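Summary of the model geometry
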Amino acid sequence: MTGTAGSRLWNRIFIGLGLAVLAYAVLAPLTSLEAAQSLNVPLLTDKLWFRLATITAMFAVMATAWNIIGGLTGYAAFGNVAFFGIGAYTTGMLIAKAKWPFLLALPLAPLAAAIFAVLIGMPLLRLRGHYFAVASLGVGVAVGELVQNLDYRGEPIFGGASGLFLPIVAAPNRDLYFFYLMLGAAAVSIAITWVVLRSRFGYGLIAIRENEEAAAVIGVNTTVHKVAAFALAAALTGLAGGIFAQWNVFIDQENSFPIAYNVEMILMALLGGTGTVFGPAAGAVLLQLLIQFLSGSLPITLDLPFVPEDAMPVLAQVVLGVLLVLVVIFAPRGVIDFFGGRSRLSIAYLRRSLRETSI
Amino acid sequence: MGDFVQLLIIGLLGGGIYAAVGVGFGLVWGVLNIVNLAHGALVIIGAYLTWQTFTAWGLDPFLTLPIDAVALFVLGYAVQRGVINRIIRAPLLFTFLLTFGLNLIAVNVLLLVFKSDFRSVTTSYSGAGLELGGIVLPYIRLAALGIALLMAAALAALLSRSRIGLAIQAMAADRDAAQLVGIDLRHAYAVTYGLGAACAGVAGGLIAMIQAITPTAGEPYTLQAFVVVILGGLGRVSATVVGGLAFGLIEAFGQSIPGSGSVFANAIAFGVMVLVLVTRQQGLMGRLR
């Protein structure tokens, strides 16, 4: 599909808009807090803005990380939340129980997640297709269960059902600090994807995705490649988890191993376009805004007739499900595809993607 | 020794439920090559149907099972015909995500309708059981095991004797060849999914009599159904039944280990699954396809 002049224009507009939004996201917090107050302009940011921006960056990390194993290597990992939780609990345990400082504990989060990924990746990555997908889903569920319930002489090892409380880190501006930290993690993930896509290693992964037997025949050591990709994805996801633990101050099974994250990160990568560098992060921004909007966390909320306010989060999940179904059926190559200039949103496009996959 | 027999019986009775949940899942997976993540939701829809007809009309829960089967068959047929058929040729990640999306919709619609309160079906014979040498066998669980076995036998007979059953088997063997000999794939796929949903509905009806249900109570059953099918081996109803009973036994004995318990249900299920996948991928009774 060659880009026409029109789609190139769209491409430029899209990139320009994206850069503007990014610049705003990075700079807004700096300009706002005290400066805005002293100049008496309305606050650009508040607690809510930071929370939303940090969560969005966190999902950008997870979606980008998933893309390495799911999008580039073609292994549908459904249990990446296990790495998030392991990262969170690694920093959590080191800070809360061993009294380590945060910045010393943080590098161990990706390390622990990567080691775990190597250990389970060796047996699991021998499985193909459905078997791998559900086995990894099982890992996600089982690790959370073990973390919550493992006892040693009647004492919960990891804080049990009551979770872990971390001492609050002493930073001059906590919200800003963690926002930039998470944003940095997202930038690192994207940069790593960019490098991988241009490396011999990345070509090996793509070869595995396209045809694993053929990749092995032309000399790609498939086991090493797959396990390395899995560990890389795990390390980045674990990093996000480690930052999350200190940012949120409290961790338990519910917020460190939410099964919903598994699918949200995949849907984000899918929305943005799997196998691309920026797609998953863009999808994360898109979907996270939608989720927050539907669940009523944004300043602009939706008042629907006949729907009580407390039903909105549930309704948001229904909408998420419908969105998932529609994207999978009509736009399997990602919504960003329309803006990237490779194809345009049209009835013909939707009909073509339907015809390709239906009977 | 008494403990051993008791665990054996508890395991087999629990295994009946797993077999009931597993057969529909195994059929859909084996024939359509779809790992149906909405299976747990279908189970719980059946459970709510039984609860609703029981509380609204006072119908005996066992009499609601045919209603569950018919209603879920219709629902399953419509879902496959209207939605899943559209992406049946897509890579497996897409069918996976699609069924997950359907699960999300179903569970949250149930939450909107029934709220997250625990519901249970309590009849006059709920607590009663057959006493056998110091061990009490609850009537409902015995009946559930019987119904699960009957349902599996009926499904196996349907697949090997009826015209549509043979068509389904032909599709499982070779989709394109089946189309060449004149099988209407869209219809036969929808019937297959409908049958799987009907089995899930009956399993749900049984579950409503045994445990308290909530809209999210079906989710563990999806993972367990997968383990059951892997354990038995993909492709035959009888293998799934064996897998279900074996899984019930593993769970009963696994949870009796000191320090273990029902909180590790998923961890045990997962451990068994990985062990089977790594050592004997065709399952206890299966043939590799």
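Residues numbered from 1 in each chain as written. Chains lettered and ligands numbered in written order. Predicted model: local features only at pLDDT ≥ 70, side-chain atom pairs only at ≥ 80, totals over all residues.

1. Quick notes on the overall build of chain B
- When its secondary structure is counted, chain B shows 11 helices and 2 strands.
- The helix and strand sequence of chain B, counted from the amino end, reads α-α-α-α-β-β-α-α-α-α-α-α-α.
- For 289 residues, the compact-globule estimate of 2.2 N^0.38 gives 19 Å, and chain B sits close to it at 19 Å.
- Dimensions of chain B, computed from C-alpha atoms along their principal axes, come out at roughly 60 × 50 × 35 Å.
- In chain B, which comprises 289 residues, the proportion classed as buried is 54%. (Helix = DSSP H or I, 4+ residues; strand = E, 2+ residues; numbered from the N terminus. Rg over C-alpha atoms; globule rule 2.2 N^0.38 Å. Buried ≥ 20, exposed ≤ 12 C-beta atoms within 10 Å, placed from the backbone.)

2. Points about the overall build of chain A
- Regarding its fold elements, chain A presents 16 helices and 4 strands.
- Counting over 359 residues, chain A shows a buried share of 46%.
- Taking the intrachain contacts of chain A between residues at least 6 apart in sequence as the baseline, contacts between residues at least 24 apart amount to 74%. (Contact = placed C-beta atoms within 7 Å.)

3. Focus on the pairing of strand E2 (residues 135–138) of chain B
Residue and element names in this part refer to chain B.
- Note that strand E1 (residues 129–132) and E2 share 4 bridges and pair antiparallel. Residue pairing in the sheet places Leu132 in a bridge with Ile135 of E2.
- Between E1 and the antiparallel strand that follows it, E2, lie 2 residues; Gly133 among them carries a positive phi value of about 55°. (Pairing = 2+ DSSP bridges.)

4. Notes on the interface of chain B and chain A
- Each side of the interface is counted separately: chain B has 37 residues, and chain A has 36 residues.
- Elements with a minimum of two residues in the side of chain B that touches chain A: helix H4 (92–114), helix H8 (185–210), helix H9 (219–232) and helix H11 (265–279) of chain B.
- The biggest single contributor to the side of chain B that touches chain A is H4(B), with 15 residues.

5. Notes on the nonpolar core
- Core analysis: the biggest nonpolar cluster contains 214 residues, and A:Val61, A:Met62 and B:Ala20 have the highest contact counts within it.
- The leading source of residues in this core is H8(B), at 16 residues.
- Beyond its immediate stretch of four places on either side in the chain, A:Val61 contacts A:Ala185, A:Ala186, A:Ser189, A:Leu236, A:Leu239 and A:Ala240. (Core = buried A, V, L, I, M, F, W, Y, C linked by C-beta atoms within 7 Å.)

6. Side note on H9(B)
All names here are of chain B.
- With 14 residues, H9 should cover 20 Å at 1.5 Å per step; its first-to-last C-alpha distance of 21 Å lies within 8% of that length.
- Within H9, 13 of the 14 residues are buried, which leaves the element mostly enclosed by the surrounding structure.
- Gly233, located one to two residues past H9, shows a positive phi value of around 115°. (Expected span 1.5 Å × (residues − 1).)

7. Looking at helix H10 (residues 222–248) of chain A
Residues and elements named next belong to chain A.
- With 27 residues, H10 should reach 39 Å at 1.5 Å per residue; the first-to-last C-alpha distance of 38 Å fits that figure.
- Burial runs high along H10: 22 of the 27 residues are buried.
- Val249, located one to two residues past H10, shows a positive phi value of around 70°.

8. Considerations on the confidence of the model for chain B
- The predicted model of chain B has a mean per-residue pLDDT of 88, with 95% of residues at 70 or higher.
- For this predicted complex, the interface score ipTM comes out at 0.83, while the overall pTM is 0.82. (pLDDT = per-residue confidence, 0-100.)

9. Looking at the environment of A:Ser199
Residues and elements named next belong to chain A.
- Note that Ser199 resides in the loop between helix H7 (174–197) and helix H8 (200–210).
- Assessed through the 11 C-beta atoms surrounding it within 10 Å, Ser199 is described here as exposed.
- C-alpha of Ser199 to C-alpha of Ala311: the two residues are 112 residues apart in sequence and 48 Å apart in space.

10. Focus: the packing of H9(B) against helix H10 (residues 237–256) of chain B
Residue and element names in this part refer to chain B.
- Relative to each other, H9 and H10 sit at 115°, their axes nearing to 7 Å. In terms of crossing hand, the pair formed by H9 and H10 is right-handed. In this structure, H9 contributes Gln224, Val227, Val228, Val229, Leu231 and Gly232 to the contact, and H10 contributes Ala239, Thr240, Val242, Gly243, Gly244, Ala246 and Phe247.
- Tallied by class, the residues present in the contact of H9 with H10 amount to 8 nonpolar, 5 polar and no charged. (Axes fitted to C-alpha atoms, helices over the stretch in contact; angles between N-to-C directions. Left-handed = near helix turned anticlockwise from the far one by under 90°. Nonpolar A, V, L, I, M, F, W, Y, C, P; charged D, E, K, R; others polar.)

11. Examining unusual backbone geometry
- The phi dihedral of A:Lys99 is positive, around 60°, even though this residue is not glycine.
- Take A:Lys99: it is sitting in the loop between helix H3 (81–96) and helix H4 (102–105).

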